[in-house]
Amino acid sequence: MAHRWTNDLTRTDVTPRGLFMNRRQIIQAGGALGLAGLGGQAAAQDAPEPNSFEEITSYNNYYEFGTGKTDPAKNAEALDTSDWTVTVDGLVDNPGTYPLAELIDGLTVEERIYRLRCVEAWSMVVPWQGIELKDILDRAGVQSNARYVAFETAVQPENMPGVRRGVLDFPYVEGLRLDEAMHPLTIMATGLYDQPMPNQNGAPIRLVVPWKYGFKSIKSIVRISLLEDEPPTTWNRLAPNEYGFYANVNPTVDHPRWSQATERRIGGGLFSSRQDTLMYNGYDEVASLYEGMDLAAQF
Ligand SMILES: Nc1nc2c(c(=O)[nH]1)N[C@H]1C(S)=C(S)[C@@H](COP(=O)(O)O)O[C@H]1N2
Ligand SMILES: [Mo]
């Protein structure tokens, strides 16, 4: 069971950085004063809980099932997840169309409690179960000239009212640079709250990239392609001035039509104040991937 990524993502990791630093200072100060116990108590109060199963499964973006936040919960019941296959193609040693069970057979499924920050400036905290994308790519055998990974969502017009109405250009497509795809924070999620992935959250398998705006985390994946060139992505194609390929969470780069400096935490209640948005959604360990890039130009 040795795994290079120890799953230490506990409640501490979903604590906003300010509070976390504050907590460490409290503990240090408390330690010096012999008050470590008090610091621990403060931390337990500060740490935000994951959103409830009800919240995570009733407020969704999944345009194949409609553009309203409650449409997916109503309509995605119709998604047919039986006999699901994922095609792995492009620059890989082992291309093929694999039954889902075979694609992930023997790979380590872990819990990852991640913040999810939508580009629309709302957020949640979700306890996912998933597999590192790297494990799947390693098994596929990524060839040395591959530089990008493209993903594609299922299209089931008979089951997807948003597809029938053509609310977007389907299939929904997304992509990552290979180093982003290989990062240990990037997972292919198969469940949440220890239950198989609910349809409205992207059953049976969806991407989760916690330091990027939610639209990068493409749902109900049927194809993974290794490519030499940057692939087109759905929202970028629709409005390139509003949605970039990178889409890293960045409180200093505003959306042309709204500020990205703060966010509304779902479930916080009507009168709860907005919280500050964190650079890379708080996942600072990815900063080295973007060294030397102009983050305002490559947003
Ligand atoms: N196929 C597909 N994937 C998608 C979307 C979509 O409309 N279609 N919406 C994206 C957006 S904008 C967000 S914020 C997240 C929402 O994930 P959740 O509903 O599980 O919270 O899914 C992303 N993945
Ligand atoms: Mo989103």
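Positions within a chain are numbered from 1, following the residues in the order the chain's sequence is written. Following the order in which they are written, the chains are lettered starting with A and the ligands numbered starting with 1. In view of the model being predicted, local features appear only for residues whose pLDDT reaches at least 70, and side-chain atom pairs are presented and counted only at 80 or more, with totals across whole chains, interfaces and linings using the full set of residues. To get the side-chain values, all heavy atoms of the structure are used, and hydrogens and water are removed first.

Named according to an unreviewed UniProt entry, the chain is Protein-methionine-sulfoxide reductase catalytic subunit MsrP originating from Limimaricola variabilis. UniProt positions are given in the numbering used here, feature names are shortened, and annotations may be inferred rather than shown by experiment. Taken verbatim from the UniProt record of the chain, the Sequence similarities (unreviewed entry) comment is "Belongs to the MsrP family."

**Q** Teacher, can you tell me more about the sheet that holds strand β6 (residues 173–177) here?
**A** To summarise the sheet geometry, strands pair through backbone hydrogen bonds and adopt either a parallel or an antiparallel arrangement. Sheet architecture is open: 5 strands sit in the order β2-β1-β10-β5-β6, paired in mixed fashion. Among the strands making up the open sheet, the edge pair consists of β2 (96–99) and β6. When the angles between neighbouring strand axes are averaged without regard to direction, this sheet yields 20°. Where strand β5 (residues 148–153) and β6 come together, 5 bridges link them in antiparallel fashion. Residue pairing for β6: Y148 is matched across the bridge by R177. At least two bridges found by DSSP between two strands is the condition for calling them paired. Each helix is a run of H or I in the DSSP string that is no shorter than four residues. Each strand is a run of E no shorter than two, and both are numbered from the N terminus. The convention used is that axes are lines fitted to C-alpha atoms, helices contributing only their stretch in contact, and that angles between N-to-C directions extend from 0 to 180 degrees.

**Q** What should I look at first to understand the packing of aromatic side chains in this one?
**A** Working definition: an aromatic ring pair is given by the centre-to-centre distance plus the angle between the planes. By convention, a stacked pair of Phe, Tyr or Trp rings (six-membered ring in the case of Trp) has centres within 6.5 Å and planes under 30 degrees apart, an edge-to-face pair has planes over 60 apart, and any other such pair is tilted. Counting across every chain of the model gives 11 aromatic pairs. Centroid distance F215 to Y243: 5.6 Å. Interplanar angle 80°. Geometry classified as edge-to-face. Here F215 is found in the loop between β9 (206–208) and β10 (221–227), whereas its partner Y243 is found in the loop between α9 (234–238) and β11 (262–265), with 28 residues between them in sequence. Exposure remark for Y243: the relative accessible area of 8% places this residue in the buried category. A network of ring pairs unites the aromatic residues Y148, F245, Y246, Y280 and Y290 as a single cluster. A 1.4 Å probe rolled over the protein chains alone gives each residue an accessible area, and that area as a share of the maximum for its type sets the label: buried under 20%, exposed over 50%, partly exposed in between.

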